[in-house]
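One-letter residues, chain by chain:
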There are 2 protein chains.
Amino acid sequence: MPRTKTSSALELLVPLRRDDPEPLHRQLERQLRDAVRTGRLAPTSTLPSTRALAHQLAISRGIVVEAYEQLLAEGYLASRPGGSTRVARAAIAPNTPTPASVAAAVAFDFRPGRPDLDEFPRAPWLRSIRRVLAEAPSERFGYLDGRGMPELREALATYLNRVRGTVADRELTVVCTGFAQGLHLIAESAVAAGARRAAVEDPSDPEYRAMMAGCGLEIVGIPVDHAGMRVDLLDRANVDLVVVTSAHQYPTGAVLPPERRAALVAWASGRAGLIVEDDYDAEFRYDREPIGAIQGLCSERVIYAGSASKVLAPGLRLGWLVAPVSLVERISAAKKTADLGSPALDQLAFADFLTRGELDRHLRRMRPIYRGRRDALLAALHRHLPMLEPVGASAGLHLLAWLPRELDEAAIVAGAEDAGVAVSGLASRQIAPGGRAGLIFGYGAIAEAAIDEAVRRLAGVVTRM
Amino acid sequence: MPRTKTSSALELLVPLRRDDPEPLHRQLERQLRDAVRTGRLAPTSTLPSTRALAHQLAISRGIVVEAYEQLLAEGYLASRPGGSTRVARAAIAPNTPTPASVAAAVAFDFRPGRPDLDEFPRAPWLRSIRRVLAEAPSERFGYLDGRGMPELREALATYLNRVRGTVADRELTVVCTGFAQGLHLIAESAVAAGARRAAVEDPSDPEYRAMMAGCGLEIVGIPVDHAGMRVDLLDRANVDLVVVTSAHQYPTGAVLPPERRAALVAWASGRAGLIVEDDYDAEFRYDREPIGAIQGLCSERVIYAGSASKVLAPGLRLGWLVAPVSLVERISAAKKTADLGSPALDQLAFADFLTRGELDRHLRRMRPIYRGRRDALLAALHRHLPMLEPVGASAGLHLLAWLPRELDEAAIVAGAEDAGVAVSGLASRQIAPGGRAGLIFGYGAIAEAAIDEAVRRLAGVVTRM
């Protein structure tokens, strides 16, 4: 990242009082000294030239020269070879804490929900940004419709209809800051529309459950079995909406079969319930035919939610909703209230990226890479930990491995961490106590060549228990 | 913007059932036909080659050829000269409504809060994006601290301390999606911390008042006079926080003088009240010395809020808060719950843009442009509408012109609109009824050469009343 490099004409906030008994050069000295002491002027940053600062403050240059000389003498400032003046390197003791490291050192990273960030298509993305900056009309950088750029909503609807079998339309599509904000907007809108109870899968992501509860929804866990959510239990649950990861249940990896999809739609239609379809990693599939989105079956009762976090990178914070006609106004208003809409440039770049087929290209490139990692992981588990039972591996970027009863999930996770292997347990995702133990292996962010060694180390942890 | 251009290897979601009595080529035909009919396949989009689709679906190529030929015959598909197959242009009647035009045609735009979007520094911004995409480590595109990129928080703290006289620190800085989200996070956090009543300036922005009320705050208007908010009335108002545009009151343009700043800080210190300092256009000043942020006087009771919307473009949706130590954790958590953090690339690009002095350069370039417009507007008002009384013109991107009592503000605004002049009235910003009438002239988005004609037209409207 760039270091602080200030031009010689940077401005300083130095209010001087001409009616003050303190001479101007003393006022200037005092203020510059304070600015250095308090860190307002950072060590090594370049000061304006005496001419520029004199001009800016409408004082004679001699006053600035005098003040600079004093502070050079005091050691607050230092001269540069080229003649410019900078804040001395050791002028203040840094009292800003150093940033906490983003994550503890992990030799082998099986944390789920992480695509391979080294593979982010930087060059095509830059091309899209460059085209947008060259071609987008100026008004695209102004305040716009909170639902998002029309170009992106159009491109998303076309893409989703083609690849995910949705019945999407630009007017029903809302761009949001990742799935996280999308779910937040849905929860807020649902509560505002009278919803009180929300069903989620058990197990499922605990952070999203907490966020929905924070919006005022009572959370009801619906058990998941080998075929995904037990939709037959929904009727008794007496809920207003249900969040479901139907394409690849998180974290068990189950795919909701046609009869459960039909039952889910029947539930929603019968009770005027709302289905939130979290289609988080449907683009990655390896052994099975693609299964279209439930939204395509019942667009009036389903909010489809997707994001670029798994297919490209979480840092883009690009998410999207396709809402029923009855809800889209409310959700768009919630988005506008939340932040007046998402950043323009990213949206336009992503629209360009989609319509040029770059996402298709990227996915075609990534699928064999992830499939190779998946295969290596299954082989390594079979080799080193044959007592584990992997499931949900036909798609996505993670799999679940059931543990035999005699093994302690928490102890394995902790032992693995000590051995440099980051793997997640199922317990933190479970709602009802006493569920079966298992380990979640994300393989999106680990090199294929490292997988065997990682599992071997994990096996070492297990056998030492 | 790019048109839809699909590569020949795009994927289609066409689930086939081998165990179905319907032959595969019929299944394929039917599904492609439905996809065209429902718009899932957009008119003129290119289909995969027969070879590619056969490979994708693991069926023989002859089946695909048969299905394509049938649909060509039915008119759903059409052949391209190069041999590829596309969806026929007239295959379906478009049922997608055309997008509403972003804004009604305005010949002369005096709407406030708009910088000149034609002057957005596209080339330097692209350079910053290019550097970031070339240099940023991969993990920057993953899930990170919801407060924002450390690079940007550092660059912002350095910039604000230098130019705005704040006492900012990376650890106390939170990046958000524009000021709108910043205020939302503040309101939510304040309510969660027990705040019930919020003071705002009267007049002030009604949308922000509505948003804060939506977060559960009772809104209390505090009158504004020639010197900004009547801080002396705060004690009686019995509020927990106060939002103030101290550098350039919106919309009257008043600058809060030192004694009121001191009184405001005394109020906050005495009651453990919170000051929200909306420093929205402080970088633009023309005739007076810069006045530092109140946050620099009392960082423990002030949340400083700024954004790139006026200095660069609203479409960037880049905003920032500098929070007291006591509140930063709560606000960071609110940001994380809202959307897990703002997009990475924009943040890194802005950090680069700031540290290289590009924002300083841009502001230096824009100040004389805006000053010229301000001067032209004052001259034109003096010439054509001498009965108006302009105030608040020493800074910012707008001024207020008081109307004499006999003139009807609403009628002038409506008549101006008919004459192609977009100007705002004060009434919609006022809280207490019966306030003095006035017109708000934003001059950020109107060419200097157009200003005289615009005011002349407006004068025509006024004299015809």
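As the structure is a prediction and not an experimental result, all values here were calculated from the model.

What counts, and at which threshold
The numbering scheme is per chain: residues are counted from 1 as the chain's sequence reads. Going through the entries in the order they are written, you letter the chains from A and number the ligands from 1. In view of the model being predicted, local features appear only for residues whose pLDDT reaches at least 70, and side-chain atom pairs are presented and counted only at 80 or more, with totals across whole chains, interfaces and linings using the full set of residues. Here the side-chain values reflect all heavy atoms present in the structure, with hydrogen atoms and water set aside. In this description a helix means any DSSP run of H or I spanning at least four residues, a strand means any run of E spanning at least two, and both kinds are numbered starting from the N terminus. Counting of polar contacts relies on pairs of N or O atoms within 3.5 Å, with two restrictions inside protein: one atom must be capable of donating a hydrogen and the other of accepting it, and residues adjacent in sequence are counted only when both atoms are side-chain atoms. In this analysis, two residues are considered to be in contact whenever any of their non-hydrogen atoms come within 4.5 Å of each other. The term buried area means the drop in 1.4 Å probe accessible area that two parts suffer when joined, counted for both and summed. Polar here means any residue outside two lists: the nonpolar Ala, Val, Leu, Ile, Met, Phe, Trp, Tyr, Cys and Pro, and the charged Asp, Glu, Lys and Arg; Gly therefore counts as polar. Take the buried residues of types Ala, Val, Leu, Ile, Met, Phe, Trp, Tyr and Cys, join any two whose side-chain atoms come within 4.5 Å, and each joined set is a nonpolar core. Any residue under 20% of the maximum accessible area for its type is buried, any over 50% is exposed, and the rest in between are partly exposed; the area is computed with a 1.4 Å probe on protein chains only. pLDDT runs from 0 to 100 and stands for how confident the predictor is about each residue. To superpose the copies, least squares is applied to the C-alpha atoms of every residue with a pLDDT of at least 70 in both. Helix axes are fitted only over the stretch in contact, all axes being lines through C-alpha atoms; the angle between N-to-C directions runs from 0 to 180 degrees. Angles below 35 degrees are treated as roughly parallel, those above 145 as roughly antiparallel, those between 65 and 115 as roughly perpendicular, and all remaining angles as oblique. When a carboxyl oxygen of Asp or Glu is within 4 Å of a side-chain nitrogen of Lys or Arg, the pair counts as a salt bridge. The rule for pairing is simple: two strands pair if DSSP sees at least two bridges between them. Ring geometry is summarised as follows: Phe, Tyr and Trp rings, the Trp one being its six-membered ring, pair when their centres sit within 6.5 Å, and such pairs are stacked at plane angles under 30 degrees, edge-to-face over 60 and tilted between the two. Comment: arc refers to directions from the helix axis out to C-beta atoms. To estimate the expected span of a helix, count its residues, drop one, and scale the result by 1.5 Å. Each crossing gets its hand from how the near helix is turned against the far one by less than a right angle, where anticlockwise is left-handed and clockwise is right-handed.

## What about the side chain of Ser138 of chain A?
Next up, step 1: Secondary-structure assignment places Ser138 of chain A in the loop between helix H4 (122–135) and helix H5 (150–163).
Next up, step 2: Among the polar contacts listed, one links the side chain of Ser138 of chain A to the side chain of Asp118 of chain B, at a separation of 2.5 Å.
Next up, step 3: When neighbours within four sequence positions are excluded, Ser138 of chain A is seen to be in contact with Leu117, Asp118 and Arg122 of chain B.

## A few points about the interface of chain B and chain A
Next up, step 1: Counting residues at the interface gives 98 residues for chain B, matched by 98 residues for chain A.
Next up, step 2: Summing the contributions of chain B and of chain A, the shared interface buries around 8,200 Å²; its carbon and sulfur component is 58%.
Next up, step 3: The tally of links from chain B across to chain A stands at 18 residue pairs in polar contact (both at pLDDT 80 or more).
Next up, step 4: Breaking the side of chain B that touches chain A down by element, the ones donating at least two residues are helix H4 (122–135), helix H5 (150–163), helix H6 (178–192), helix H7 (206–214), helix H10 (325–339), helix H11 (344–355) and helix H12 (358–384) of chain B.
Next up, step 5: No other element matches H4 of chain B, which puts nine residues into the side of chain B that touches chain A.
Next up, step 6: A breakdown of the residues in the side of chain B that touches chain A according to their chemical character gives 44 nonpolar, 24 polar and 30 charged.

## Overview of the nonpolar core
Within soluble globular proteins, side chains that are nonpolar generally end up buried alongside one another.
Next up, step 1: Judged by nonpolar contacts, the single largest core of 202 residues is most densely connected at Trp125, Phe350 and Phe441 of chain A together with Trp125 and Phe441 of chain B.
Next up, step 2: Among residues more than four places away in sequence, those in contact with Phe441 of chain A are Phe110, Leu377, Leu381, Leu388, Leu397, His398, Leu399, Ala401, Val423 and Leu458 of chain A.

## Let's talk about the confidence of the model for chain A
All names here are of chain A.
Next up, step 1: Taken residue by residue, chain A gives an average pLDDT of 89. The fraction at 70 or more is 93%.
Next up, step 2: Below a pLDDT of 50 lies the segment residues 1–9, which in the model reaches 24 contacts outside its immediate sequence neighbourhood of four places, other chains included.
Next up, step 3: Per-residue pLDDT stays below 50 along residues 92–104; that stretch engages in 14 contacts with residues further than four places along the chain or on separate chains.
Next up, step 4: On the interface metric, ipTM, the complex scores 0.82, and its pTM is 0.83.

## Thoughts on the relation of the copies chain B and chain A
Next up, step 1: Mapping chain B onto chain A is achieved by rotating through 180° and translating by 0.1 Å along the same axis, at an RMSD of 0.2 Å. The symmetry that links the two subunits is that of a two-fold axis.
Next up, step 2: Most of the interface of chain B is mirrored in chain A: 100% of its interface residues are interface residues there too.

## What about the packing of H5 of chain B against H12 of chain B?
Helix packing for two helices is described by the angle between their axes and how far apart those axes are.
Residue and element names in this part refer to chain B.
Next up, step 1: Close contact between H5 and H12 brings their axes to 12 Å; oriented N to C, the two are set at 45°. Put simply, H5 runs oblique to H12. Across the interface between the two elements, Tyr159, Arg162 and Val163 from H5 touch Leu359, Asp360 and Leu363 from H12.
Next up, step 2: For the contact of H5 with H12, the residue count by class is four nonpolar, no polar and two charged.

## Concerning the environment of Ser246 of chain B
Residues and elements named next belong to chain B.
Next up, step 1: With respect to the helices and strands, Ser246 occurs in the loop between strand S8 (241–244) and helix H9 (258–271).
Next up, step 2: C-alpha separation for the pair Ser246 and Ala227, spaced 19 residues apart in sequence, amounts to 9.5 Å.
Next up, step 3: Those residues in contact with Ser246 that lie beyond four places of it in its chain are Ala254, Val255, Leu256, Arg261, Glu277 and Ile294.
Next up, step 4: Among the polar contacts listed, one links the side chain of Ser246 to the side chain of Glu277, at a separation of 3.4 Å.

## Thoughts on the pattern of salt bridges
Next up, step 1: The tally for this structure, following the rule as stated, stands at 52 salt bridges over all chains.
Next up, step 2: Across the pair Arg230 of chain B and Asp232 of chain B runs a salt bridge whose closest N-O atoms are separated by 3.0 Å.
Next up, step 3: By relative accessible area, Arg230 of chain B is classed as partly exposed at 28%.
Next up, step 4: Through salt bridges with shared partners, a single ionic network connects Asp145, Arg147, Arg153, Glu154, Arg170 and Glu171 of chain A.

## A closer look at the pairing of strand S10 (residues 302–307) of chain B
Residues and elements named next belong to chain B.
Next up, step 1: Along S10, six of the six residues are buried, which leaves the element largely enclosed by surrounding structure.
Next up, step 2: One ladder, built from four bridges, connects strand S9 (residues 274–278) with S10; its direction is parallel. The residue bridging Ile275 from the neighbouring strand is Val302, located in S10.
Next up, step 3: In terms of strand pairing, S10 meets strand S11 (residues 319–322) through four bridges, oriented antiparallel. By the bridge assignment, Gly306 is partnered in S11 with Trp320.

## What about the packing of aromatic side chains?
Next up, step 1: According to the stated counting rule, one finds 18 aromatic pairs over all chains in the structure shown.
Next up, step 2: Considering the side-chain rings of Phe284 of chain A and Tyr370 of chain A, the 5.0 Å spacing of their centres and the 85° angle between planes classify their relative orientation as edge-to-face. Note that Phe284 of chain A is positioned in the loop between strand S9 (274–278) and strand S10 (302–307) and Tyr370 of chain A in helix H12 (residues 358–384), a separation of 86 residues in sequence.
Next up, step 3: What makes Phe284 of chain A buried here is its relative accessible area of 1%.
Next up, step 4: Both rings, one in Phe110 of chain B and one in Phe441 of chain B, keep their centres 5.1 Å apart while their planes meet at 75°; by these two values the pair is edge-to-face. In this pair, Phe110 of chain B is assigned in the loop between strand S3 (108–109) and H4 and Phe441 of chain B in strand S16 (residues 438–442), connecting sequence segments 331 residues apart.
Next up, step 5: The structure contains a cluster of three or more aromatic residues connected by ring pairs, namely Phe120, Trp125, Trp320, Phe350 and Phe353 of chain A together with Phe141 of chain B.

## Regarding helix H13 (residues 409–418) of chain B
For an α-helix, 3.6 residues make a turn, and residues three or four places apart therefore share a direction.
All names here are of chain B.
Next up, step 1: Inspection of H13 places Glu409, Ile412, Gly415 and Ala416 among the buried residues, and these make up the whole buried set. One face of H13 carries all of its buried residues, which in axial projection span an arc of 130°. Structural note: H13 exposes Ala410, Glu417 and Asp418 on the side pointing more than 90 degrees away from its buried face.
Next up, step 2: Residue Asp408 occupies the N-cap position of H13, its side-chain oxygen lying 3.1 Å from the main-chain nitrogen of Ala410.
Next up, step 3: A positive backbone phi angle near 85° is found at Gly420, which sits one or two residues after H13.

## Re H10 of chain B
Next up, step 1: The terminal C-alpha atoms of H10 of chain B, which comprises 15 residues, lie 22 Å apart, in line with the 21 Å expected from a rise of 1.5 Å per residue.
Next up, step 2: Next to the buried residues of H10 of chain B lie helix H6 (178–192) of chain A together with strand S4 (173–176), H6, S9, S10 and S11 of chain B.

## Description of the sheet that holds strand S5 (residues 197–202) of chain A
Residues and elements named next belong to chain A.
Next up, step 1: One open sheet accounts for eight strands, arranged S4-S11-S10-S9-S8-S5-S6-S7; its pairing is mixed. Looking at which strands have only one partner, the edges of the open sheet turn out to be strand S4 (173–176) and strand S7 (228–229).
Next up, step 2: Sheet topology places strand S8 (residues 241–244) next to S9; four bridges connect them, and they run parallel. Paired with Leu241 across the bridge in S9 is Leu274.
Next up, step 3: Here helix H10 (residues 325–339) sits on the sheet in contact with S4, S9, S10 and strand S11 (319–322), set at roughly 20° to S4.

## Description of the packing of H6 of chain A against H10 of chain A
Residue and element names in this part refer to chain A.
Next up, step 1: Across the interface, H6 lies against H10 with an axial gap of 9 Å and an inter-helix angle of 120°. Between H6 and H10 the crossing geometry is right-handed. In this structure, H6 contributes Gln181, Leu185, Ile186, Glu188, Ser189 and Ala192 to the contact, and H10 contributes Arg330, Ile331, Ala334, Lys335, Ala338 and Asp339.
Next up, step 2: By residue class, the composition of the contact of H6 with H10 is six nonpolar, two polar and four charged.

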